[in-house]
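Observations on the three-dimensional arrangement
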Amino acid sequence: MSLVITPNKQQALSVKHQLILQSLPANKRTRILKTLGRYERALARKRIRTQTTVDGTHMASRADGKKAKMLKRMGRTLEPYVKNANRLELKHKAGLTGRIAALHQDGGTESMSASRMARIHGKPDYKAAATRSQAKALIALGYKTKKTKGKGYRRATISEITENLSQGKAGVILSVLRDKPNKNRWPIPVKARPFLGDTTPNVQRELVKIIDHINSKRG
């Protein structure tokens, strides 16, 4: 994904500053747009740091409920590129990073597979004790255990599940309770977290400042 700014369209500049910009040599126009790109990159990095979107609202939180920040590495590889001295593109160096950033920018659905999950998190040890997250999921779905005294069943505790079930068995039970068969590939919805972008007035104000500063040194 990328932020594209072409200064002579959509009234990004007044006629006066369009004329000034076009009268400058190509190397100065490139310098102006590169400077604007670094400014926009700083805005994007600040949004990631403060976990806010382009419109100032808080970014959608993680689906797993964890408090870790989103998009932490997305700002590191942003680079400003200028084409033909009149078009700015702020984009990621690596195509894969750009595709991930675009998914978070606009929201959508990511396809996950068992093999990819294993590459990211490592192959699970199915014989190891069930995790706390598995236990919480089982309890939320109504998983029960036999009463120690008398007949019947009662809701299991986290410690009982982690002490008596393996990760593999807990996974099978979760699939049964959810009535969902094991799949090799499944969709993961991703919420929109727009961190890259700007308003025309803000672009105009910044461009005017940069143009006036560089034009004052002309010659």
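Data block above holds the structure.
The rules behind the values
- Along each chain, residue indices are assigned from 1 in the same order as the chain's sequence is written.
- Owing to the predicted nature of the model, reporting of local features is limited to residues with pLDDT of at least 70; listing and counting of side-chain atom pairs is limited to 80 or more, with chain, interface and lining totals taken over all residues.
- Only hydrogens and water are removed before side-chain values are computed, so all heavy atoms of the structure are retained for them.
- In this text, helices come from DSSP runs of H or I with a minimum length of four residues, and strands from runs of E with a minimum of two, each type numbered from the N-terminal end.
- Categorising residues by exposure relies on relative accessible area from a 1.4 Å probe, with only protein chains included: less than 20% of the type maximum marks a residue as buried, more than 50% marks it as exposed, and the intermediate range marks it as partly exposed.
- Side-chain atoms alone can form a polar contact between residues adjacent in sequence; in general such a contact is a pair of N or O atoms within 3.5 Å, and within protein one must be able to donate a hydrogen while the other accepts it.
- When checking whether two residues touch, look at their non-hydrogen atoms; a contact exists if any pair is within 4.5 Å.
- Strands pair, by our definition, only if DSSP identifies at least two bridges between them.
- Between N-to-C directions, angles cover 0 to 180 degrees, with each direction set by a line fitted to C-alpha atoms, over the stretch in contact for helices.
- Helix span, as expected, comes to 1.5 Å for every residue beyond the first.
- The arc in question is formed by the directions pointing from the helix axis toward the C-beta atoms.
- The cut-offs work like this: below 35 degrees is roughly parallel, past 145 is roughly antiparallel, 65 to 115 is roughly perpendicular, and the gaps in between are oblique.
- Left-handed describes a crossing whose near helix is turned anticlockwise from the far helix through less than a right angle; right-handed describes the clockwise counterpart.
- Side-chain classes follow a simple rule in which Ala, Val, Leu, Ile, Met, Phe, Trp, Tyr, Cys and Pro form the nonpolar group, Asp, Glu, Lys and Arg form the charged group, and the remainder, Gly included, forms the polar group.

What to know about the side chain of His92
Topologically, His92 is positioned in strand 3 (residues 87–92). Accessibility expressed as a relative area gives 6% for His92, which makes it buried. Of the polar contacts made by the side chain of His92, one reaches the backbone oxygen of Met74; its length is 3.3 Å. At 3.0 Å, the side chain of His92 and the side chain of Thr77 are in polar contact.

A word on the side chain of Glu89
Relative to the assigned elements, Glu89 resides in strand 3. A polar contact is formed between the side chain of Glu89 and the side chain of Arg87, at a distance of 3.0 Å. Here Lys91 takes part through its side chain, which lies 3.5 Å from a polar atom of the side chain of Glu89.

Quick word on unusual backbone geometry
The phi torsion of most residues other than glycine is negative, and most of the peptide bonds are trans. Here the phi dihedral of Asn84 falls at roughly 55°; this positive angle occurs in a residue that is not glycine. With respect to the helices, strands and loops of the structure, Asn84 is situated in the loop between strand 2 (78–83) and strand 3. When its relative accessible area of 69% is taken as the criterion, Asn84 is described as exposed. One non-glycine residue with positive phi stands out, namely Ala85, at about 60°. By the secondary structure assignment, Ala85 is in the loop between strand 2 and strand 3.

Focus on the environment of Thr97
If you trace the backbone, Thr97 turns up in helix 3 (residues 95–106). Sequence-wise, Thr97 and Met74 are 23 residues apart; in three dimensions their C-alpha atoms are separated by 7.3 Å. With near-sequence residues (within four places) excluded, Thr97 lies in contact with Met74, Thr77 and His92.

Describing the sheet that holds strand 3
As summarised here, the arrangement of the three strands in space is 1-3-2, forming an open sheet in which the pairing is antiparallel. Every interior strand has two partners, whereas the edge strands, strand 1 (2–5) and strand 2, have only one. Between one strand axis and the next, the sheet turns through 15° on average, direction left out of account. Seen against the sheet, helix 2 (residues 26–50) touches strand 1, strand 2 and strand 3 and runs at an angle of roughly 155° to strand 2.

Quick word on helix 8 (residues 200–215)
An α-helix turns once every 3.6 residues. As a result, residues three or four positions apart point the same way. The end-to-end C-alpha separation of helix 8 is 21 Å, in line with the 22 Å expected for 16 residues at 1.5 Å each. Within the span of helix 8, buried status applies to Asn202, Val203, Glu206, Leu207, Ile210, Ile211 and Ile214. One face of helix 8 carries all of its buried residues, which in axial projection span an arc of 155°. The exposed set on the far side of helix 8, more than 90 degrees from its buried face, consists of Arg205 and Lys209.

Focus on helix 2
Compared with the 36 Å implied by 1.5 Å per residue over 25 residues, the 36 Å span of helix 2 between its first and last C-alpha is a close match. Looking at helix 2, one finds that the buried residues are Lys28, Arg29, Ile32, Leu33, Leu36, Gly37, Glu40, Arg41, Ala44, Arg47 and Ile48. On the buried face of helix 2, the contacting elements are strand 1, helix 1 (15–23), strand 2, strand 3 and helix 8. Positive backbone phi, approximately 60°, marks Gln51, located one or two places after helix 2.

Quick look at the packing of helix 5 (residues 132–140) against helix 7 (residues 167–178)
Direction vectors running N to C along helix 5 and helix 7 enclose 30°, while the axes themselves pass 10 Å from each other. Regarding the angle of helix 5 to helix 7, the classification is roughly parallel. Between helix 5 and helix 7 the crossing geometry is left-handed. Counting all contacts with helix 5, which are made through Gln134, Ala137 and Leu138, the residues of helix 7 involved are Gln167, Ala170, Gly171, Ile173, Leu174, Leu177 and Arg178. Its residues placed into classes, the contact of helix 5 with helix 7 shows six nonpolar, three polar and one charged.

Brief notes about the pairing of strand 2
Of the strand pairs in this sheet, strand 2 and strand 3 are connected by six bridges, and their pairing is antiparallel. Paired with Lys83 across the bridge in strand 3 is Arg87. What sits between the antiparallel neighbours strand 2 and strand 3 is a turn of three residues, in which Asn84 has the positive phi angle 55°.

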